[in-house]
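Residue strings, one per chain:
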Amino acid sequence: KVVKNVMITFGGGDIRNMTPKIMLYIKEYYPNINLNVIIGKSYTNIKEIERVASPNTNLIYFPDATKIKNIMVKSDIAVASGGITLYELARVGLPTIAIILIDNQIEDIEGWSNSGFLFNAGWWDSSIIKENIINHMHRLEECSLREKMGEIGQGLVDGNGANRIVDFTLKRFYENSI
């Protein structure tokens with residue numbers, strides 16, 4: 001019912017050094033929230049992340065898919081960049097605040113935002129990115145909104161995409177071999 005755990009993930013490399021900034025923003029306005037911070041193998045800002053970590057920060061170094069899923073499941077909200085991770089967050093039903101890091105993330109983030117699954121905080125270098133994130137965090141304090149967003153995400157990603165691809169490929173293979 002209450003937001004206690006926030007997952008922060010910016011892919012394998014955090015190319016815009018957003019992780020420590022987001023940690024500080026959340027810590028300033030929500031000092032008692034636990035932060036589950038994913039640190040990918042290509043992060044070059046680990047020392048900075050460690051410097052801004054507080055006692056209620058859980059730093060997860062180089063997690064595998066199972067560990068990431070477990071963190072998603074135990075979190076109440078995610079702050080993330082665009083990309084494949086958004087599909088994973090949707091599948092587990094974790095309401096997300098997304099930040100655009102590069103051009104190829106615009107369509108996905110806008111599409112997910114229009115669906116109602118996530119909030120688009122805008123571009124990483126926007127002068128109002130902090131305001132947007134904190135405003136979205138405030139909105140997500142409402143449990144019923146988080147539940148609704150989670151249901152939307154799960155309704156859009158059923159987890160059977162790989163099976164559909166295999167079925168389609170086998171069907172085409174057999175049709176062409178006859």
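Shown above is the structure to which this text applies.
Remember, predicted model here, so these are calculated numbers, not experimental data. (Residues numbered from 1 in each chain as written. Predicted model: local features only at pLDDT ≥ 70, side-chain atom pairs only at ≥ 80, totals over all residues. Heavy atoms only, no water.)

Undergrad: Whenever I open this one, the overall build of the protein confuses me. Can you help?
TA: A tally of regular secondary structure across the protein gives eight helices and six strands. Taken from N to C terminus, the helices and strands of the protein fall in the order β-α-β-α-β-α-β-α-β-α-β-α-α-α. What you see for the protein is a C-alpha radius of gyration of 17 Å, in line with the 16 Å of a compact globule of 178 residues. By principal-axis analysis of the C-alpha atoms, the protein measures approximately 65 × 35 × 30 Å. Classification of the 178 residues of the protein by burial places 44% in the buried group. Within the structure as shown, the protein displays about 9800 Å² of accessible surface, and the carbon and sulfur contribution to it stands at 52%. The centroid of the 19 positive side-chain charges in the protein is displaced by 5 Å from the centroid of its 20 negative side-chain charges. (Helix = DSSP H or I, 4+ residues; strand = E, 2+ residues; numbered from the N terminus. Rg over C-alpha atoms; globule rule 2.2 N^0.38 Å. Buried < 20%, exposed > 50% of the residue type's maximum accessible area, 1.4 Å probe, protein only. Areas by Shrake-Rupley, 256 points an atom, 1.4 Å probe, with all protein chains shown as cover. Lys, Arg positive; Asp, Glu negative; His and termini not counted. Charge placed at Lys NZ, Arg CZ, Asp CG, Glu CD.)

Undergrad: In this structure, what is going on with unusual backbone geometry? I would like to understand it.
TA: Glycine aside, residues mostly have negative phi, and peptide bonds are mostly found in the trans state. Unusually for a residue other than glycine, Asp14 sits at a positive phi of about 45°. Following the sequence through the fold, Asp14 ends up in the loop between β1 (5–9) and α1 (18–29). Here Phe62, not a glycine, exhibits a phi torsion of approximately 50°, which is positive. Relative to the helices and strands, Phe62 resides in the loop between β3 (57–61) and α3 (65–74).

Undergrad: Sorry if this is basic, but what is going on with the packing of aromatic side chains here?
TA: How two aromatic rings sit relative to each other is set out by the distance from centre to centre and by the angle between their planes. Under the counting rule described, the total for this entry stands at four aromatic pairs. Between Trp112 and Phe117 the ring centres are 5.3 Å apart and the planes differ by 65°, which places this aromatic pair in the edge-to-face class. The exposure classification of Trp112 matches that of Phe117, with both residues buried. Here the aromatic rings of Phe173 and Tyr174 are separated by 5.5 Å at their centres, their planes lie at 70°, and the arrangement is edge-to-face. An aromatic cluster is present here, built from Tyr87, Trp112 and Phe117 joined pairwise through their rings. (Phe/Tyr/Trp six-rings, centres within 6.5 Å; stacked < 30°, edge-to-face > 60°.)

Undergrad: Is there a simple way to think about the packing of α1 against helix α6 (residues 129–139) in this case?
TA: Relative orientation and spacing of two packed helices are given, respectively, by the angle between their axes and the distance between those axes. For the pair α1 and α6, interaxial distance at closest approach is 10 Å and the crossing angle is 55°. The pairing of α1 with α6 is recorded here as oblique in orientation. At the point where α1 passes α6, the crossing takes the right-handed sense. Contacts from Ile22, Tyr25, Ile26, Glu28 and Tyr29 of α1 reach α6 at Ile129, Lys130, Ile133, Ile134 and Met137. Partitioning the contact of α1 with α6 into residue classes produces eight nonpolar, no polar and two charged. (Axes fitted to C-alpha atoms, helices over the stretch in contact; angles between N-to-C directions. Parallel < 35°, antiparallel > 145°, perpendicular 65-115°, else oblique. Left-handed = near helix turned anticlockwise from the far one by under 90°. Contact = heavy atoms within 4.5 Å. Nonpolar A, V, L, I, M, F, W, Y, C, P; charged D, E, K, R; others polar.)

Undergrad: Help me understand the nonpolar core in this model?
TA: Nonpolar side chains in soluble globular proteins generally cluster together in the buried interior. Core analysis: the largest hydrophobic core is formed by 33 residues, its most contacted members being Val6, Ile22 and Ile99. In terms of residue count, α1 provides more of this core than any other element does, five residues in total. With 18 residues, the next largest nonpolar core counts Ile38, Ile71, Met72 and Ile100 among its residues. (Core = buried A, V, L, I, M, F, W, Y, C linked by side-chain atoms within 4.5 Å.)

Undergrad: Got a minute to help me understand the pairing of strand β6 (residues 118–123) in this structure?
TA: Residues in a regular strand project their side chains so that they alternate between the two faces of the sheet. In terms of strand pairing, strand β5 (residues 96–100) meets β6 through five bridges, oriented parallel. Along β6, the bridge assignment pairs Ala98 with Asn120. Handedness of the β5-helix α5 (residues 106–115)-β6 crossover: right-handed. (Pairing = 2+ DSSP bridges. Right-handed = clockwise from strand over helix to strand, strands pointing away.)

Undergrad: Honestly, the sheet that holds strand β4 (residues 77–81) in this entry has me stumped. Any pointers?
TA: Paired through their backbone hydrogen bonds, the strands of a sheet run either parallel or antiparallel. Read from one edge to the other, the open sheet built from six strands follows the order β3-β2-β1-β4-β5-β6, with strand pairing classed as parallel. Each end of this open sheet is capped by a strand with a single partner; those strands are β3 and β6. The sheet shows a mean angle of 15° between the axes of neighbouring strands, taken without regard to direction. Packed on one face of the sheet, α1 meets β1, β2 (34–39), β3, β4 and β5 and runs near 160° to β1. Along the sheet face, α5 touches β5 and β6 and points at about 145° away from the line of β6.

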